[in-house]
Amino acid sequence: MSESEPGKRRLTRSPNYPSIDLARAIDRVRSLYSSERQHAMPALQAVRHWGYSSLNSPGGGQLAALTRFGLLDDEGSKDERKVRVTDLAVKILEHPDPEEREAATRSAALLPSVHRDMWNKYGPALPSEDNLRWFLTRERGFSQNGATDFIREYRATIDFANLNDQLPETAAARAETPEIGSEPGSATDRPSASQDPSPPVTNAPIASGAPSGQVPPISFPLASGKLVSVTGLSDLTESDWAQFIAVLTALKPSLVPSPGEARDTARQG
């Protein structure tokens, strides 16, 4: 029976999302870091640390999940594919300051693009599971099973990262944030910084307004209180992302002072 014949059911493939929640992903990267530190390792060797013998196993999906959470860097393909534990993962695992660890954990929770979409739409105030499933299957192309699995993973990740422990004002303000797929409203529709001299700062990315037809910038409040804004992060290819990271790396000397420069600046101050 061909796919076009009556009675043939077309399979629905859900959008990519982490196959495991953030808590399990951190446990997985902890075992890799314990054995390999931040040295590059073949992808197959990584899943063998978890007891799998092949990338065509749940281990392959878990590697992808760690990459989506920013806990692993992934380069190469097929037999040349290698992974490496990221600085973000080390910060989550080892930073001596609990607030820094929590800020890094919150950042990792919202790195998967589908997580950012959900957070920008609902924030910490998620609707019922039936409501979420309807949205995911009707508007985001999830299968029924995929939607159920994703909701479970997303809720667990948000809970683990304490992202549901936000101020009520945050959820209220998010009601004016454009929904997924809609054109963002004018920035003049929302209070400006001058109207609110002391807005609450959270560790979660905040989608702000942008001109019609453009992707709104995403701002990342850092633990130090600084706010980093990035635009144009929609629908990037692997090549786009690699170039973006390379440019950031090249700019680092002009943005981040060396320890010696920092000490000199402190003395002068």
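Quick note: structure is the one above.
The structure contained in this document is the topic of the report that follows.

About the cut-offs
Residues numbered from 1 in each chain as written. Predicted model: local features only at pLDDT ≥ 70, side-chain atom pairs only at ≥ 80, totals over all residues. Heavy atoms only, no water. Axes fitted to C-alpha atoms, helices over the stretch in contact; angles between N-to-C directions. Helix = DSSP H or I, 4+ residues; strand = E, 2+ residues; numbered from the N terminus. Parallel < 35°, antiparallel > 145°, perpendicular 65-115°, else oblique. Contact = heavy atoms within 4.5 Å. Nonpolar A, V, L, I, M, F, W, Y, C, P; charged D, E, K, R; others polar. Salt bridge = Lys/Arg side-chain N within 4 Å of Asp/Glu carboxyl O. Phe/Tyr/Trp six-rings, centres within 6.5 Å; stacked < 30°, edge-to-face > 60°. Buried < 20%, exposed > 50% of the residue type's maximum accessible area, 1.4 Å probe, protein only. Pairing = 2+ DSSP bridges.

1. Re the packing of helix α6 (residues 113–122) against helix α8 (residues 144–160)
Where α6 contacts α8, the two axes come as close as 12 Å, and the packing angle between them is 75°. Judged by the angle between their axes, α6 and α8 are roughly perpendicular. On α8, the residues touching Val114, His115, Met118 and Trp119 of α6 are Phe150, Glu153, Tyr154, Thr157 and Ile158. Residue composition of the contact of α6 with α8, by class: six nonpolar, two polar and one charged.

2. Concerning the pattern of salt bridges
Going through the model one piece at a time under the given rule, you end up with nine salt bridges. Residue Arg106 pairs with Glu102 through a salt bridge whose shortest N-O separation is 3.4 Å. Here the residue Arg106 and the residue Glu102 both occupy positions in helix α5 (residues 98–109), the gap between them amounting to four residues, near one helical turn. Several salt bridges converge on common partners, so that one network encompasses Glu129, Asp130 and Arg133.

3. Things to note about the packing of aromatic side chains
Applying the stated criterion to the full structure yields five aromatic pairs. Ring centres of Tyr17 and Phe142 lie 5.8 Å apart, and the angle between their planes is 35°; this geometry places the pair in the tilted category. Of this pair, Tyr17 sits in the segment before α1 (22–36) while Phe142 sits in the loop between α7 (129–139) and α8, and the two are 125 residues apart along the sequence. For the pair Tyr17 and Phe142, a shared accessibility class is recorded, and that class is buried. Each residue in the set Tyr17, Phe142, Phe150 and Tyr154 is aromatic and connected to the rest through ring pairs, giving one cluster.

4. Description of the pairing of strand β2 (residues 72–75)
In this structure, β2 lies alongside strand β3 (residues 82–85), joined through four bridges in antiparallel fashion. Residue pairing across strands places Leu72 opposite Val85, the latter belonging to β3. Linking two consecutive strands that pair antiparallel, namely β2 and β3, is a turn of six residues; a positive phi of about 80° is found at Gly76 within it.

Scope: geometric values only; no functional claims are made or implied.
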